[in-house]
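# Examination of the molecular architecture
The lines below spell out each chain.
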Amino acid sequence: MKKDHRPYWLKRLYILFQKYYANRYIRPQLDFMGRGGAYMKPWHLELFGGPIRIGSYPTVIAAPDRKVRLTVWSADPDVKGITIGDYCLVCPGVRILAASEITIGESCMIASGAYITDSDWHGIYDRSLPIGKTCPVVLEENVWVGDSAIICKGVRVGKNSIIGAGAVVASDIPANAIAVGNPARVVKYLDPDTKLRTRGEWLSNPGQLAREFDIIDRDQLRGNSVVGWMRALLFPRPGD
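Residues numbered from 1 in each chain as written. Predicted model: local features only at pLDDT ≥ 70, side-chain atom pairs only at ≥ 80, totals over all residues. Heavy atoms only, no water.

Under the annotation held in an unreviewed UniProt entry, the protein chain carries the name Trimeric lpxa-like and is attributed to Desulfoluna butyratoxydans.

On to a nonpolar patch on the surface. Together, W9, L13, V226, M230, L233, L234 and F235 make up a nonpolar patch on the protein surface, roughly 730 Å² of accessible area in all. Contributions of two or more residues to the nonpolar patch are made by α1 (8–26) and α4 (226–234). For the nonpolar patch, the element with the most residues is α4, which contributes four residues. By secondary structure assignment, the location of M230 is in helix α4. Classification of M230 by relative accessible area gives partly exposed; the value is 35%. (Patch = residues over 30% accessible without salt bridge, like charges linked within 9 Å, V, L, I, M, F, W, Y side chains within 5 Å. Areas by Shrake-Rupley, 256 points an atom, 1.4 Å probe, with all protein chains shown as cover. Salt bridge = Lys/Arg side-chain N within 4 Å of Asp/Glu carboxyl O. Helix = DSSP H or I, 4+ residues; strand = E, 2+ residues; numbered from the N terminus. Buried < 20%, exposed > 50% of the residue type's maximum accessible area, 1.4 Å probe, protein only.)

Enumeration over the complete set of coordinates arrives at 10 salt bridges. Note that K11 is salt-bridged to D217, the shortest N-O span being 3.0 Å. Of this pair, K11 sits in helix α1 while D217 sits in helix α3 (residues 206–220), placing them 206 residues apart in sequence. A residue is classified by how much of its surface remains accessible, and K11, at 19% relative accessible area, is buried. The exposure class assigned to D217 is buried, which follows from its relative accessible area of 11%. Between D214 and R218 there is a salt bridge, and its shortest N-O distance comes to 3.1 Å. A residue pair is termed a helical-turn pair when its members lie 3 or 4 positions apart in one helix, as D214 and R218 do in helix α3 at four residues. Taking relative accessible area as the criterion, D214 reaches 16% and is therefore assigned buried. A relative accessible area of 46% means that R218 is categorised as partly exposed.

Here the focus is the sheet that holds strand β8 (residues 89–90). Overall, mixed pairing links the eight strands, which are arranged β2-β5-β8-β11-β16-β19-β21-β22 in an open sheet. Of all strands in the sheet, those with a lone pairing partner are β2 (38–40) and β22 (185–189), marking the two edges. Alignment of strand β16 (residues 144–145) against strand β19 (residues 162–163), held across two bridges, turns out to be parallel. The residue bridging V145 from the neighbouring strand is I163, located in β19. (Pairing = 2+ DSSP bridges.)

Given below as structure tokens:
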């Protein structure tokens, strides 16, 4: 649909149900889950193993055809697992698989279909060997990983850097860089004279931001009714 035909109260109820689901079913599976944030369609967020930690005020967007999968698979009882910092964005289809340690810093953005792993998952010479070689992965603060990019084991991506869509990152990327290609190479650096605004800064007052979004919803959904919503679902017209 081009337009959201739901009544305002129905959208609010849906948002509250998503929050309830995240707290009732996602929180118990995590070793740590911070405050606030938005878990959109959290029933399509798949968690396996642990420890897995997600900081405060994340935006995690899952979809039925592009589930978000966070997996820790290790026989080591002291495995560090997956840590996702405050204010991060995780888009549909993201897969993060850890056998040792993956750390994602504050305000990182991970676009649709990106894959981050710290392991080969099989032995190179003995293909029956599980896990294989592992080496921790670190995304420093405010990293942006583009659509369908792959971050391989042992990689550190420096603060503020951008990984282009479809890039395969097999070696470290310095801070404030833009890297593209397979294998990924730095093609330019960010302008040091231009101020960066992070998701953490944007979400620094989550209460005020929530009130602003609520005002927008009230305005955009004004006049919508249950009858009109059902009509648009069952008998759509041009422009719906």
